[in-house]
Amino acid sequence: MQIRVWLRNAVAQLPDSDSPKRDAEILLGKVLGKSRAWLIAFDDATLDDAQLAQLDALLARRAAGEPVAYLTGEREFWSLSLTVSPDTLIPRPDSEVLVEQALARLPAEPCEVLDLGTGTGAIALALASERTDCQVTGVDRIPAAVALAQHNASKLALSNTRFLQSHWFSALEGQQFALIVSNPPYIDADDHHLSQGDVRFEPASALVAGDHGLADIRIIAAEAGRYLQDSGWLLLEHGWQQGEHVRKILRENSFHAVETCQDYGGNDRVTVG
Ligand code: GLN
């Protein structure tokens, strides 16, 4: 079968995807080890039986809703190619706002940075790649996430990072940081968003928090002060409807210069203090 014929059939089998053509091209590129440009230039090339079997198996899983990033095992974030697995959330473009805001607030001199609930290590690695003079610590409660973040750090040769297992601050007693970032779980368990799209396949531990999604944000805000240097910054990602709540939580915990920043969709996404 020719590439273009397989592609046409594949698109027809992905009616629930927002981007069926792109999904099918990514799967093709992965199985053939070729770029998108190559697939377009050589769309009359013939797929052999082994390639077809592999492609059809991946297509069936995509048609059943599995995220493309879990099927290929990779996702780009901040121009870094990251290995991903179902043990962690798939990095989102939304979180690039968190990286930008953190970079804008990091002191000019070398300093220590902490990423809580690091998952793939995406945010920690993006910061470490931009500020090679800083030391970035990423922690996660899930050992498989810590191993994945370590794997990504060595793949990207970002040696100014370390990854530890820690439930929020539990393994960090006595340490202090110039800046703490987190993309914690913040979705309410009853949110209908959880029954649609990629999130159905992502770990609930990375998505869902009690108290209308604010439980983990409250814990982090209450404890962060002990782990921040004077004039240090805390930056939290949250849901588009949580800005006001998160500002209030930060102020109740004696943070000042509290403000909320928007993502590229114009929604409240990151609150700092
Ligand atoms: N922004 C993600 C979503 O809405 C959730 C990320 C999170 O809970 N930390 O799918």
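Worth saying up front: this structure is predicted, and the values here are computed from it rather than measured. (Residues numbered from 1 in each chain as written. Predicted model: local features only at pLDDT ≥ 70, side-chain atom pairs only at ≥ 80, totals over all residues. Heavy atoms only, no water.)

**Student:** I keep staring at the packing of helix 2 (residues 20-32) against helix 4 (residues 49-63) and nothing clicks. Help me out?
**Tutor:** Two numbers describe how helix 2 lies on helix 4: the axes approach to 10 Å, and their chain directions differ by 145°. Along this stretch, helix 2 crosses helix 4, giving a crossing that reads as right-handed. Residues Asp 23, Leu 27, Leu 28, Val 31 and Leu 32 of helix 2 lie in contact with helix 4, whose contacting residues are Gln 51, Gln 54, Leu 55, Leu 58, Leu 59 and Arg 62. Looking at the contact of helix 2 with helix 4, its residues break down into 7 nonpolar, 2 polar and 2 charged. (Axes fitted to C-alpha atoms, helices over the stretch in contact; angles between N-to-C directions. Helix = DSSP H or I, 4+ residues; strand = E, 2+ residues; numbered from the N terminus. Left-handed = near helix turned anticlockwise from the far one by under 90°. Contact = heavy atoms within 4.5 Å. Nonpolar A, V, L, I, M, F, W, Y, C, P; charged D, E, K, R; others polar.)

**Student:** Help me out: how do you make sense of the nonpolar core in this one?
**Tutor:** Nonpolar side chains tend to gather and get buried jointly when the protein is soluble and globular. Residues Phe 77, Val 113, Val 181 and Leu 235 are the most contacted members of the largest nonpolar core, which totals 32 residues. If you tally residues by element for this core, the top one is helix 7 (residues 122-130), at 7 residues. If we ignore the near neighbours within four places in the chain, the residues touching Leu 235 are Leu 98, Gln 101, Ala 102, Leu 179, Ile 180, Val 181, Ser 182, Val 270, Thr 271 and Val 272. Judged by nonpolar contacts, the second largest core, of 28 residues, contains Leu 116, Leu 172, Ile 217 and Leu 228. (Core = buried A, V, L, I, M, F, W, Y, C linked by side-chain atoms within 4.5 Å. Buried < 20%, exposed > 50% of the residue type's maximum accessible area, 1.4 Å probe, protein only.)

**Student:** Would you take a moment to explain the sheet that holds strand 4 (residues 135-140) for this structure?
**Tutor:** Strand pairing in a sheet relies on backbone hydrogen bonds. The paired strands run either parallel or antiparallel. Across the sheet, which stays open at both edges, the 7 strands sit in the order 5-4-3-6-7-9-8 with mixed pairing between neighbours. Each having just a single partner strand, strand 5 (161-165) and strand 8 (259-262) make up the two edges of the open sheet. Adjacent strand axes in the sheet meet at a mean angle of 20°, parallel and antiparallel pairs treated alike. Where strand 8 and strand 9 (residues 268-272) come together, 4 bridges link them in antiparallel fashion. (Pairing = 2+ DSSP bridges.)

**Student:** Help me understand helix 6 (residues 96-105), please; the structure alone is not making it clear to me.
**Tutor:** Residue pairs three or four apart in sequence face the same way in an α-helix, which turns once every 3.6 residues. Of all the positions in helix 6, only Val 97, Leu 98, Val 99, Gln 101, Ala 102 and Arg 105 are classed as buried. Here the buried face of helix 6 lies against strand 1 (74-77), helix 7, strand 6 (177-182), strand 7 (228-237), strand 8 and strand 9.

**Student:** Would you explain the site of the ligand in this entry?
**Tutor:** Close contacts around the ligand come from Leu 89, Arg 92, Asn 183, Pro 184, Pro 185, Tyr 186, Ile 187, His 193, Val 199, Ala 206 and Leu 207, and that covers them all. In this structure, Asn 183 approaches the ligand through a side-chain N or O atom, which is 2.7 Å from a nitrogen atom. Within the contact set of the ligand, a nitrogen atom lies 2.7 Å away from a backbone nitrogen or oxygen of Pro 184. In the complex, the protein chains occlude 92% of the 300 Å² of accessible area that the ligand would expose alone. Its residues assigned to classes, the shell around the ligand comprises 8 nonpolar, 2 polar and 1 charged. (Near = heavy atom within 4 Å. Polar contact = N/O pair within 3.5 Å; in protein donor to acceptor, adjacent residues only side chain to side chain. Areas by Shrake-Rupley, 256 points an atom, 1.4 Å probe, with all protein chains shown as cover.)

**Student:** Just to check I follow, could you spell out the side chain of Glu 25 for this structure?
**Tutor:** Tracing the backbone through its elements, the reader meets Glu 25 in helix 2. Judged by its relative accessible area of 6%, Glu 25 falls in the buried class. Once residues lying within four places of it in the same chain are set aside, the contact partners of Glu 25 are Leu 7, Arg 36 and Leu 39.

**Student:** What's the story with the packing of aromatic side chains in this structure? I'm lost.
**Tutor:** Note on aromatic pairs: each is described by the distance of the centres and the angle between the planes. Within this structure, the stated rule accounts for 2 aromatic pairs. Between Trp 38 and Phe 42, the aromatic rings sit 5.0 Å apart at their centres with planes inclined by 35°, giving tilted as the arrangement. The class of Phe 42 is partly exposed, set by a relative accessible area of 41%. When the ring of Phe 169 is compared with that of Tyr 227, the centres are 4.4 Å apart and the planes differ by 15°; the resulting orientation is stacked. Of this pair, Phe 169 sits in the loop between strand 5 and strand 6 while Tyr 227 is found in the loop between helix 11 (215-224) and strand 7, placing the two residues 58 residues apart along the sequence. Both residues of the pair, Phe 169 and Tyr 227, count as buried. Positioned above the aromatic ring of Trp 38, the side-chain terminus of Lys 34 is 4.9 Å from the ring centre. For the cation-ring pair, Arg 105 lies above Trp 233, with the distance from its terminal atom to the ring centre recorded as 4.9 Å. (Phe/Tyr/Trp six-rings, centres within 6.5 Å; stacked < 30°, edge-to-face > 60°. Lys NZ or Arg CZ within 6 Å of the ring centre and 35° of its normal.)

**Student:** It is not clear to me how helix 7 should be interpreted in this structure. Could you clarify?
**Tutor:** Most of helix 7 sits out of view: 7 of its 9 residues are buried. Among the residues of helix 7, Ala 122, Ile 123, Ala 124, Leu 125, Ala 126, Leu 127 and Ala 128 are the ones counted as buried.

**Student:** Before we go on, may I ask you to explain the pairing of strand 7 in this structure?
**Tutor:** Remark: a regular strand shows side chains that alternate across the two faces of the sheet. Relative to strand 7, strand 6 runs parallel, the two being bridged by 5 bridges. Of the residues in strand 7, the one forming a bridge with Leu 179 is Trp 233. Summarising the sheet, strand 7 and strand 9 pair through 3 bridges and their orientation is antiparallel. Across the sheet, the residue bridging to Glu 237 is Val 270, located in strand 9.

Take it as geometry only, folks, not as evidence of what the structure does.
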